[in-house]
Amino acid sequence: MRRPLRFAFLLLTLAGMACAPPGAVPSTSPAGPFLRIIGTNDFHGALEPRADSVGVQLGGGAHVAAAIRAAAAECAPRCEVLLLDGGDMFQGTPASNTAYGKPVVELFNELGYAAAALGNHEFDWGIDTLRARMRDARYNILGANVRYADGRDVEWIPNDTIVARGRARIGIIGLSTQQTPTTTRPQNVAHLRFVDPAPVVDAHARSLRARGATHVVVVGHVGGWCAATCDGEVFDLARALTEPVDAIVSGHSHTLIDATVKGIPVVQARSRGQSIEVVDLPLDGSGPARGEVRPVLTARITPDPAAAAIVARWTARVAGEFSRPVATLAERLSRAGAQHSLGNLIADAQRAAAGTDVAVMNSGGIRADLDSGVVTYGELFEVQPFDNTLVRVTMRGSDLRGYLAQIVARGRPNAHVSGASIAYSRDSAGAGRIDTVRVAGAPIDDSASYTVAINDFMAAGGDGLGPPAAASVEALPIIDRNALRDYVMRLPQPVEAPRTLRIWLAGQAAP
Ligand SMILES: [Zn+2]
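This is a predicted model, so every value here is computed, not measured.

Draft legend 1. Summary view of the coordination of the zinc ion. The zinc ion binds to the protein through D88 (OD), N120 (OD1), H221 (NE2) and H252 (ND1); the donor distances cover 2.1 to 2.2 Å. Donor residues for the zinc ion sit on one chain with the sequence pattern D-x31-N-x100-H-x30-H. Taken together, the positions of H221 in the loop between strand 11 (215–220) and strand 12 (225–226) and H252 in the loop between strand 14 (247–249) and strand 15 (256–261) put the pair 31 residues apart, joining distant regions of the chain. Taken individually, H221 and H252 each receive the classification buried, so the pair is uniform in this respect.

Draft legend 2. Structural detail: the environment of H121. Secondary-structure assignment places H121 in the loop between strand 5 (115–117) and helix 5 (127–136). Accessibility expressed as a relative area gives 6% for H121, which makes it buried. Taking the C-alpha atoms as reference points, H121 and D371, 250 residues apart in sequence, are found 25 Å from one another. Here H121 is in contact with H44, D88, Q91, T183, R367 and F386, once residues within four sequence places are set aside.

Draft legend 3. Representation of the state of the cysteines. Inspection of the entire model under this criterion finds two disulfides. Each disulfide pairs two cysteine sulfurs, and for C75 the partner residue is C79, the sulfurs being separated by 1.9 Å. A torsion of 75° about the S-S bond marks the disulfide between C75 and C79 as right-handed. Residue C226 pairs covalently with C230 via a disulfide, S to S 2.1 Å. The chirality of the disulfide connecting C226 with C230 is right-handed, given an S-S dihedral of about 110°. Once the bonded cysteines of the protein chain are numbered in order along the sequence, the disulfide links fall as 1-2, 3-4.

Draft legend 4. Molecular detail of the sheet that holds strand 22 (residues 389–396). Read from one edge of the open sheet, five strands run 23-20-27-22-28, paired in mixed fashion. Among the strands making up the open sheet, the edge pair consists of strand 23 (415–418) and strand 28 (472–479). Neighbour to neighbour, the strand axes of the sheet diverge by 25° on average, direction disregarded. When strand 20 (residues 358–362) meets strand 27 (residues 449–455), the two strands line up parallel, connected through two bridges. By the bridge assignment, V358 is partnered in strand 27 with V452.

Draft legend 5. Structural context of the sheet that holds strand 24 (residues 420–426). Here four strands make up an open sheet; going across it, the order is 26-25-24-29 and the pairing mixed. For this open sheet the edge positions go to strand 26 (442–443) and strand 29 (503–505), each flanked by a neighbour on one side alone. Pairing of strand 24 with strand 29 involves three bridges; the strand directions are parallel. What sits directly across from Y424, in strand 29, is L505.

Conventions adopted
Residues numbered from 1 in each chain as written. Predicted model: local features only at pLDDT ≥ 70, side-chain atom pairs only at ≥ 80, totals over all residues. Heavy atoms only, no water. Donors = N, O, S within 2.8 Å, 3.2 Å for Na, K, Ca; no water. Helix = DSSP H or I, 4+ residues; strand = E, 2+ residues; numbered from the N terminus. Buried < 20%, exposed > 50% of the residue type's maximum accessible area, 1.4 Å probe, protein only. Contact = heavy atoms within 4.5 Å. Disulfide = S-S within 2.5 Å. Pairing = 2+ DSSP bridges. Axes fitted to C-alpha atoms, helices over the stretch in contact; angles between N-to-C directions.

As structure tokens, then:
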């Protein structure tokens, strides 16, 4: 699996370079005046560059800034520029999280963003913190499809905005994913509803035009993916629209999207500043918009000095605490595939820390890969950035069987386990069901009592992995990443993460 993926990225990287030599206007840019939309998404506090799976450094706040400014400069004075972000700006690194996203707002203010989408992780630190960041931002953070439970619009979340660019008036509509209730701390958004975005966009597009907008652009924290076809929330949205929309800048799925649906360019630039997207929209009505996603190849870019100063100041604050080495890894631990050794290692750490029979770790909560060699506490922080705490759940064997079945219910495991092994199969509709399950090597005894370690996000229903109603739940004073730190520190060095498949499709590669 790995080699084709790497190869695809290399090709993609080369393709991106080929169509966008620095300092040149792409030959496919419109002949007349045009609006250049430059976009980022899912920045996740990534102030510093990161190596990809083949060791290529990508992103970094100062490098993303330079790439954005180069993309803006290369078409001046023929283009007007609109800078947008598709949401999930703050969550994910020590420098950003310890300051609750302030460094990212400062960076985005410096770059002159026009608007951002309200991502699910914008809610991670509660409403008060989000509102404080909204006050700091000199750009609107928009969520037009967010409502109170009774259907009223949420007065402190702006829906849309109109910005002037030359003679154009660009109406911008922002969206949040309908998955928000299960992809941030559920209690933070329990009073909110995230409604179907398509009718919302249609209504706001009409309203924006009535208020003088000449163009309408959507910036949505709504994801998707493209293989043989393009699917997911953002494509459902694009296909359902009845009002004209000029472009959709998306986010949330961390995918590379460069597609066109019903004539609307739909783009997404992976995540963490690995890429930026550029959409050129003719302002004189001379033809369709065209989009492009460009990699941010750190080594080829001179960092932007103003952005570099912001990055340096905020990363220096956390250097002491988070640069401490905690272990040495025998090999790189990546998150490729539905089951991986990094997930097994984390589940083992949580079972050991909680002293339970079984541990279940939601795979969506594993946020970064780990490189081989020395690992710092800061790198573990990026793997588990949420400050989730562990929870010990006690349940009957019959309930445990049902609980574990939730992991494979969607036909593909969405969690890792420790202390259990599960063979599952899929029905003709693609839903998964458990064929056999063993705990500590033995079949589950329906009448026995079992303990299961999960995290407080799951305990609140996150990722659809809330505990059974009849279970007893005990909160533990253990932060998940510290369980991992303590566990890897105790293991023989270099650490070998457990590769054995613990959840597998029946009939395939049983362990
Ligand atoms: Zn998201």
